[in-house]
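Reading the structure
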Amino acid sequence: TFVVAEIALTLVLLAGAALLGRSLAKLVDVEKGFCTDSVLTFTLAASPRKYPKEPDQIRFFDTVLDHISRVPGVTAAGVSSEVPLSGGDTNGTVLIEGRTFAPGQAPNAQKRIVSPGYFAALQIPTRRGRVFNASDDGRAQAVMVISEAFAKRWFPNEDPIGKRIDFNWGTDGFQTVVGVVADVKHNGLDDPENPAVYVTYAQRADSRFNVLVRTSVPPETVVSGIRAQVKAIDPSRPVSGVRTMNALMSESVSG
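What comes next is a walk through the structure. (Residues numbered from 1 in each chain as written. Predicted model: local features only at pLDDT ≥ 70, side-chain atom pairs only at ≥ 80, totals over all residues. Heavy atoms only, no water.)

We now examine the pairing of strand β7 (residues 143-147). Within β7, five of the five residues are buried, which leaves it mostly tucked inside the rest of the structure. Covered by surrounding structure in β7 are Val 143, Val 145 and Ser 147 together with Met 144 and Ile 146, the residues of both alternating faces. Relative to strand β9 (residues 175-181), β7 runs parallel, the two sharing five bridges. Note on β9: the bridge partner recorded for Met 144 is Val 177. Strand direction decides the pairing type here: β7 and strand β10 (residues 196-200), joined by two bridges, are antiparallel. (Buried < 20%, exposed > 50% of the residue type's maximum accessible area, 1.4 Å probe, protein only. Helix = DSSP H or I, 4+ residues; strand = E, 2+ residues; numbered from the N terminus. Pairing = 2+ DSSP bridges.)

Put into structure tokens, the structure is as follows:
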């Protein structure tokens, strides 16, 4: 009787383990909308004393990204207000030019402030149009990139390129949509395809960003070089929260 009971319990445990392994494999293989391999991320803030105004903050991060790009092994670098799978998120309502909505029915989207190199650092595919470039600065037309889910939800039977949307977070007026990118699983690999909107940090400055760096070598090996470059620009600025995107993904699926 004991042997039969032990065998039965063992079979239950083996079946559970097999199902868990299968579920984990399917979760990890889901289309994330970005690539975690060979990507390093950390947090950096501009000194409010040395960079008190928005043009100063933009210039600081421009310089940081330029210097980081020179580190041997770095192939792309960008900044973002949020990092996928890190646990942080910002979302809210946006406005679409020419449309009115009933109370509580206005479009809601994840909001991201990024640099042009962000999409290359995470290898987020461009589905239509283009992403940001260096000419999208404060003197140029205000522009926006939207996700596929946003385009399908709010422009189901029309081309969203050229449409005007108000980011509605620290911005003034509408931004013109110039591109559509793949949906990103931001809050977890089991996250639905949430609508998202992006603006460039050169047109919506901030004093603190997450930096993402893609490398052609193990990402941990470029950390010292990155720290040295940041120190050369401003010794008072700490490079904090250094992680690999693969580590973030592992933590995200562990639960």
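The next thing to look at is the packing of helix α2 (residues 54-68) against helix α5 (residues 223-233). Interhelical geometry of α2 versus α5 gives an angle of 140° and a closest axis separation of 9 Å. Relative to α5, α2 is oriented so that their crossing is right-handed. Between α2 and α5, the contacting residues are Phe 60, Thr 63, Val 64, His 67 and Ile 68 on the first element and Ile 226, Gln 229, Val 230 and Ile 233 on the second. (Axes fitted to C-alpha atoms, helices over the stretch in contact; angles between N-to-C directions. Left-handed = near helix turned anticlockwise from the far one by under 90°. Contact = heavy atoms within 4.5 Å.)

All right, on to the nonpolar core then. With 41 residues, the main nonpolar core has Ile 68, Ile 146, Phe 150, Ile 165, Val 213 and Ile 226 as its most contacted residues. Broken down by element, this core gets its largest block of residues, five residues, from α2. Counting residues in each nonpolar core, the second largest holds 25 residues, with Val 83, Leu 85, Leu 189 and Met 245 among its members. (Core = buried A, V, L, I, M, F, W, Y, C linked by side-chain atoms within 4.5 Å.)

The subject of this paragraph is α2. With 15 residues, α2 extends 21 Å between its outermost C-alpha atoms, agreeing within 8% with the 21 Å of an ideal straight helix rising 1.5 Å per residue. Buried residues along α2 sit against β1 (39-45), β2 (74-80), β11 (208-215) and α5. (Expected span 1.5 Å × (residues − 1).)

A cluster of nonpolar residues, Val 3, Ile 7, Leu 11 and Leu 14, forms a patch on the protein surface that exposes about 410 Å² of accessible area. Relative to the helices and strands, Ile 7 resides in helix α1 (residues 2-28). Relative accessible area serves as the criterion here: at 48%, Ile 7 is assigned to the partly exposed category. (Patch = residues over 30% accessible without salt bridge, like charges linked within 9 Å, V, L, I, M, F, W, Y side chains within 5 Å. Areas by Shrake-Rupley, 256 points an atom, 1.4 Å probe, with all protein chains shown as cover. Salt bridge = Lys/Arg side-chain N within 4 Å of Asp/Glu carboxyl O.)

Turning our attention to unusual backbone geometry. Even without being glycine, Leu 85 reaches a positive phi, approximately 70°. Turning to its location among the elements, Leu 85 is positioned in the loop between β2 and β3 (91-93). With relative accessibility at 8%, the residue Leu 85 sits in the buried group.

This model, assessed by the stated rule, comprises 11 aromatic pairs. When the ring of Phe 61 is compared with that of Phe 209, the centres are 5.1 Å apart and the planes differ by 90°; the resulting orientation is edge-to-face. One end of the pair, Phe 61, is in helix α2; the other, Phe 209, is in strand β11, and 148 residues separate them in sequence. The pair Phe 61 / Phe 209 is uniform in exposure class, with both members buried. Geometrically, the ring pair formed by Tyr 118 and Phe 119 is edge-to-face, given 5.5 Å between the ring centres and 75° between the ring planes. (Phe/Tyr/Trp six-rings, centres within 6.5 Å; stacked < 30°, edge-to-face > 60°.)

Counting along an α-helix, one turn takes 3.6 residues, and residues three or four places apart therefore face a common direction. Considered for burial, the residues of α5 that qualify are Val 223, Ile 226, Val 230 and Ile 233. For α5, the arc enclosing every buried residue in end-on projection is 90°, short of the 170-degree limit, so these residues lie on one face. α5 presents Ser 224, Lys 231 and Ala 232 as exposed residues on the side facing more than 90 degrees away from its buried surface. Next to the buried residues of α5 lie β1, α2, β11 and β12 (240-244). (Arc of directions from axis to C-beta.)

Looking now at the pairing of strand β5 (residues 108-114). β5 sits mainly inside the fold: six of its seven residues count as buried. Judged from the five bridges that link them, β5 and β10 form a sheet pairing that is parallel. Directly across from Lys 111, in β10, lies its bridge partner Val 197.

Here we take up the side chain of Ser 47. Here Ser 47 is to be found in the loop between β1 and α2. Ser 47 sits in the buried class, given a relative accessible area of 5%. Excluding residues within four positions of it along the chain, Ser 47 makes contact with Pro 52, Asp 234 and Arg 237.

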